[in-house]
Amino acid sequence: ATATLRVLLALLAVAEAGKLLVVPVDGSHWLSMREVLGRLKEKGHEIVVVAPEVNLYIKPSEELVMKMYPVPYTQEELHDDFRGFTKDLFEGGSFLERVVRFYRRSKKTSALFLATCAHLLHNKELLRSLESSKFDALLTDPFLPCGQILAEHLSVPSLFFLQQMPCALEQQATQCPNPPSYVPRAFTGHTDHMSFLQRVRNLLYDVPSLFLCDAVYQPYGQLASEFLGHAITVPDLLRQASIWLLKVDFALHYPKPLMPNMVLVSGVNCAHQELAQ
C-alpha cells in the first residue's frame, strides 16, 4: 500500500544518499514513476534518467538529470502507433478477433520499442558516460526489459517498478505460483470464483499468450545475448531483480500469490488525489 512505499522511501532517507540510474517506459508507466523520483530527489538522492529524444511524456526537468539519446522514428510516428494501439486494445469483437488484432499490433509496437532499446545499447558515447558514473542501483519498469539489460552490463542491482507484466512473466521469472484454477486470465471475464468449465477455459486462454509473448519478448533475449556476450533469455534477465515494486491493488486485481521480494505499493498513482471516505 501507500504506507509501504513511504516506509521504503524513509529507509532510503536513513541511508547515505545514493546515485540512481532510471530507465523508464514512456506513457502512463512514466507518470507514476515520476512521482516516486520526486520524493527520492527530496531525500537527497542523485537521479539520472535515460530516455529517447522522441517520447510522449518524458520531458526535461530541473529536478532530474536527463540523458537523451536519438531514435530512428519521428514524433508523429510515435503518436500514430500509440493511437493505433489504444484503438485496437479497446475495440470489441470475439476473443479470437481480439487476440489476433492484439498480436498484430503488439508486433508492430514492439518493433518500435526494440529499435529504441538497440539505439540505447549501441550508443557508445552514452554508455561510456554511464559506466564512469558508478551508479548504486538502477530503477526501471520491466514491461520493456531494456533497463535490466543495462543493469546487467553495468553490474548494478535493479529495482522494478510496474503494474504487471504481459503473460504473467513476473510469475515465471520469480517462480511464483500462478495457477489457472485460481488466478483469472486476461480477456476471460472470469472472477476468482470459477466453475470447473471456467477453470478449463481459463487454462486454454493461456495458450495464445505464449505465442504473443514469444513474438514480443524473444527479440529482447537475442539483443541482450548479443550485447552482453552470452546467451540469456528475458525470464533470466527479469530473475535478476532485487525488488519488485508492484502498483497493484486488490480492489482492482484479484488476490494472487506473491514472492518475498514483491512489495505492493498500490496508491502511488493517486499521490495528489484525496479519496472520499
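Presented here is a report on the structure given in the accompanying data block. Remember, predicted model here, so these are calculated numbers, not experimental data.

1. Overview of the nonpolar core
Leu21, Leu150 and Trp244 are the most contacted members of the largest nonpolar core, which has 53 residues in total. Among the elements that take part in this core, helix H9 (residues 206-228) stands out by supplying nine residues, more than any other. If near-sequence neighbours (up to four positions away) are discounted, Trp244 is found in contact with Pro142, Phe160, Leu162, Met165, Glu170, Ala173, Thr174, Leu238, Asn261, Met262 and Val263. Ranked by size, the runner-up nonpolar core spans 19 residues in total, among them Leu40, Ile47, Ile58 and Val265.

2. Considering the pattern of salt bridges
Overall, the coordinates contain five salt bridges when judged by the stated rule. Note that Asp80 and Arg83 form a salt bridge whose closest N and O atoms lie 2.4 Å from each other. With Asp80 and Arg83 both in helix H3 (residues 75-90) and three residues apart, the pair spans about one turn of that helix. Under the relative-accessibility criterion, Asp80 is labelled partly exposed at 39%. For Arg83, a relative accessible area of 47% puts it in the partly exposed group. Its salt-bridge partner being Arg239, residue Asp236 comes within 2.8 Å of it at the nearest N-O pair. Using a relative accessible area of 39% as the deciding quantity, one classes Arg239 as partly exposed.

3. Thoughts on the environment of Phe143
By the element assignment, Phe143 lies in the loop between strand S4 (137-140) and helix H6 (146-154). Taking relative accessible area as the criterion, Phe143 reaches 25% and is therefore assigned partly exposed. Taking C-alpha positions, Phe143 is 10.0 Å from Leu238, a pair spaced 95 residues apart along the chain. Sequence-distant contacts of Phe143, defined by excluding residues within four places in its chain, comprise Val25, His29, Gln164, Met165, Pro166 and Tyr217.

4. Quick word on H6
One turn of the α-helix equals 3.6 residues, which is why residues spaced by three or four share an orientation. When you tally the buried positions in H6, you get seven out of nine residues, the bulk of the element. Taken from the residues just after H6, Ser155 is the one with a positive phi, measuring 55°.

5. Thoughts on unusual backbone geometry
Despite not being glycine, Cys167 has its phi angle at roughly 60°, a positive value. By the secondary structure assignment, Cys167 is in the loop between strand S5 (158-162) and helix H7 (169-174). Positive phi, close to 55°, is recorded for Ala168, a residue that is not glycine. Along the chain, Ala168 turns up in the loop between S5 and H7.

6. Side note on helix H2 (residues 28-42)
For H2, with 15 residues, the first-to-last C-alpha span of 22 Å sits near the 21 Å given by 1.5 Å per residue. When H2 is considered as a whole, its buried residues turn out to be Trp30, Ser32, Met33, Val36, Leu37, Gly38 and Leu40. Looking one or two residues past H2, Gly44 carries a phi angle of roughly 100°, positive in sign.

7. Description of the state of the cysteines
Applying the stated rule across the entire model yields two disulfides. Here Cys167 connects covalently by a disulfide to Cys213, the sulfurs 1.9 Å from one another. As the torsion about the S-S bond is roughly 110°, the Cys167-Cys213 disulfide counts as right-handed. Here Cys167, found in the loop between S5 and H7, pairs with Cys213, found in helix H9; they are 46 residues apart in sequence, far enough to count as distant. Listing the disulfide partners of the protein chain by sequence rank of the bonded cysteines yields 1-2, 3-4.

8. What about the sheet that holds strand S1 (residues 19-23)?
Taken in spatial order, the seven strands of this open sheet run S3-S2-S1-S4-S5-S6-S7, and their pairing is parallel. On the outer flanks of this sheet lie strand S3 (65-69) and strand S7 (262-264), each paired with one strand and no other. Recorded for the sheet is a direction-independent mean angle of 20° between the axes of neighbouring strands. Bridge count between S1 and strand S2 (residues 46-52): four bridges; the pairing is parallel. Bridge assignment links Val22 to a residue of S2, and that residue is Val49. H2 rests against S1, S2, S4 and S5 of the sheet, and its axis sits at about 155° to S2. Taken strand by strand, helix H5 (residues 124-133) contacts S1, S2 and S3, and its axis lies near 150° from that of S3.

Cut-off values and rules
- Residues numbered from 1 in each chain as written.
- Predicted model: local features only at pLDDT ≥ 70, side-chain atom pairs only at ≥ 80, totals over all residues.
- Heavy atoms only, no water.
- Core = buried A, V, L, I, M, F, W, Y, C linked by side-chain atoms within 4.5 Å.
- Buried < 20%, exposed > 50% of the residue type's maximum accessible area, 1.4 Å probe, protein only.
- Helix = DSSP H or I, 4+ residues; strand = E, 2+ residues; numbered from the N terminus.
- Contact = heavy atoms within 4.5 Å.
- Salt bridge = Lys/Arg side-chain N within 4 Å of Asp/Glu carboxyl O.
- Expected span 1.5 Å × (residues − 1).
- Disulfide = S-S within 2.5 Å.
- Pairing = 2+ DSSP bridges.
- Axes fitted to C-alpha atoms, helices over the stretch in contact; angles between N-to-C directions.

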